[in-house]
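Residue strings, one per chain:
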Amino acid sequence: MDAREVLKHVDHTELMQTAKWEDIKRLCDDAVYYSTSSICIPPAYVKQAAEYLGDKMPVCTVIGFPHGYNTTACKVFEVKDAIANGAKEVDMVINIGWAKDGKFDEITAEIAALKEAAGDKILKVIIETGLLTDEEKIALCKCVTDGGADFIKTCTGFAAGKATVEDINLFKAHIGPNVKMKASSGMTSIDEGAVFVEMGCERLGSKLLVNIAKADGVAVEGGY
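What counts as what
Residues numbered from 1 in each chain as written. Predicted model: local features only at pLDDT ≥ 70, side-chain atom pairs only at ≥ 80, totals over all residues. Heavy atoms only, no water. Helix = DSSP H or I, 4+ residues; strand = E, 2+ residues; numbered from the N terminus. Rg over C-alpha atoms; globule rule 2.2 N^0.38 Å. Contact = heavy atoms within 4.5 Å. Expected span 1.5 Å × (residues − 1). Buried < 20%, exposed > 50% of the residue type's maximum accessible area, 1.4 Å probe, protein only. Axes fitted to C-alpha atoms, helices over the stretch in contact; angles between N-to-C directions. Parallel < 35°, antiparallel > 145°, perpendicular 65-115°, else oblique. Nonpolar A, V, L, I, M, F, W, Y, C, P; charged D, E, K, R; others polar. Phe/Tyr/Trp six-rings, centres within 6.5 Å; stacked < 30°, edge-to-face > 60°. Pairing = 2+ DSSP bridges. Right-handed = clockwise from strand over helix to strand, strands pointing away.

K.L.:
In this structure, what is going on with the overall build of the protein? I would like to understand it.
P.N.:
For the protein, the count of helices and strands is 10 helices and eight strands. On C-alpha atoms alone, the protein measures out to a radius of gyration of 16 Å, which is about the 17 Å that the 2.2 N^0.38 rule sets for 224 residues. Expressed as a percentage of contacts within the protein between residues at least 6 apart in sequence, the contacts between residues at least 24 apart total 69%.

Below, the structure is given as structure tokens:
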């Protein structure tokens, strides 16, 4: 699998606290040039990025990020606000404390509430695998499935852990047929991204993969 095929699966991401419009604009330009799946950016830049991109690239943003312990009402508002500003996709963080408390019914209900708010827009659910036991991950696969989300996602990149082959295999064994997978955080090469795509991940959360392609001089048709 060549770099261009891998990049088609990337949610090209910039979520650092210091990100400014110049950084987001560069992210947009690179995403269009390399035909990534989307850009994933802070909520405060969604409207500006959506206006800048038009129909050239979907804008994704994050909900309850990065810790996940916002109330459900706050997360629902965030989803509605993001979509009103032009987001086509949202990546929510579960309440990890609830997972540790065994409150999986509450997590399922929250996912369902956010999916209802998202409507026909894509909802991805970040479970933060690096903070969980395998038993908790398996229970959360059921939550994501029963809650009606579109994707299960590994990590935020702001806590312990990264996308691993073991976790993707666990997802594959326990998610429902309508749930897709996103491997996010920790990939350091195009080849590593290709492994996750070949395992069935439709999305990869990364900024580095596009930067590697740029450094390697990977050329594609596109751009402004």
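K.L.:
I keep staring at helix α6 (residues 104-118) and nothing clicks. Help me out?
P.N.:
Three- or four-residue spacings in an α-helix give side chains the same orientation, since the helix completes a turn every 3.6 residues. Spanning 15 residues, α6 covers 21 Å between terminal C-alpha atoms, matching the ideal 21 Å at 1.5 Å per step. Among the residues of α6, those classed as buried are Phe104, Ile107, Thr108, Glu110, Ile111, Leu114, Lys115, Ala117 and Ala118. At its buried positions, α6 is contacted by β3 (59-63), α4 (72-84), β4 (89-93), α5 (96-101), β5 (122-126) and α7 (134-146). Phi for glycine 119, located one or two positions after α6, is positive at around 60°.

K.L.:
How should I be thinking about the packing of helix α2 (residues 21-34) against helix α10 (residues 208-215) in this particular structure?
P.N.:
Each pair of packed helices gets described by two things: the angle between the helix axes and the distance between those axes. As a packed pair, α2 and α10 sit with axes 11 Å apart at the nearest point and diverge in direction by 70°. When the interaxial angle is binned, α2 and α10 end up roughly perpendicular. Across from Arg26, Asp30 and Tyr34 in α2, the residues of α10 making contact are Val210, Ala213 and Lys214. For the contact of α2 with α10, the class distribution of residues is three nonpolar, no polar and three charged.

K.L.:
Is there a simple way to explain the side chain of threonine 154 in this structure?
P.N.:
Along the polypeptide, threonine 154 turns up in the loop between β6 (151-153) and α8 (165-174). The buried category is assigned to threonine 154, whose relative accessible area is 0%.

K.L.:
Which parts of the structure should I look at to understand the packing of aromatic side chains?
P.N.:
Here a ring pair, both rings aromatic, is described through the centre-centre distance and the interplanar angle of the planes. What the rule picks out here adds up to four aromatic pairs. In this structure an aromatic cluster arises from ring pairing among Trp21, Tyr45 and Tyr52.

K.L.:
Looking at this structure, how should I read the sheet that holds β3?
P.N.:
Remark on secondary structure: sheet strands pair via backbone hydrogen bonds, oriented parallel or antiparallel. Spatial ordering of the closed barrel is given by β1-β2-β3-β4-β5-β6-β7-β8, a layout of eight strands whose pairing is parallel. The sheet shows a mean angle of 25° between the axes of neighbouring strands, taken without regard to direction. Relative to β4, β3 runs parallel, the two being bridged by four bridges. Looking at the pairing, valine 62 lines up with aspartate 91 of β4.

K.L.:
Honestly, unusual backbone geometry in this entry has me stumped. Any pointers?
P.N.:
Generally, phi is negative for residues other than glycine and the peptide bonds are trans, each holding for most cases. A cis geometry characterises the amide bond from phenylalanine 65 onward to proline 66, with omega recorded as 0°. Tracing the sequence through the fold places proline 66 in the loop between β3 and α4. A positive phi angle, near 55°, is found at serine 35, a position not held by glycine. Counting through the fold element by element, serine 35 comes out in the loop between α2 and β2 (38-41).

K.L.:
What is the right way to read the side chain of glutamate 110 from this model?
P.N.:
By the secondary structure assignment, glutamate 110 is in helix α6. If we skip the residues at most four places from it in the chain, glutamate 110 touches Asn70, Thr71, Thr72, Lys75, Met92, Val93, Asn95 and Trp98.

K.L.:
Help me out: how do you make sense of the pairing of strand β7 (residues 180-184) in this one?
P.N.:
Consecutive residues of a regular strand have side chains that alternate between opposite faces of the sheet. For β7, a buried count of four out of five residues is recorded, marking the element as mostly surrounded by other parts of the structure. Sheet analysis places β6 next to β7, joined by three bridges and oriented parallel. By the bridge assignment, isoleucine 152 is partnered in β7 with methionine 181. Between the parallel pair β7 and strand β8 (residues 203-206), the chain is carried across by helix α9 (residues 190-198), and the sense of this crossover is right-handed.

K.L.:
What should I look at first to understand the environment of lysine 162 in this one?
P.N.:
Relative to the assigned elements, lysine 162 resides in the loop between β6 and α8. Since its relative accessible area comes to 42%, lysine 162 is described here as partly exposed. Distance in space between the C-alpha atoms of lysine 162 and alanine 139 is 19 Å, their sequence separation being 23 residues. Once residues lying within four places of it in the same chain are set aside, the contact partners of lysine 162 are Thr129, Cys155, Asp167, Ser184, Ser185 and Gly186.

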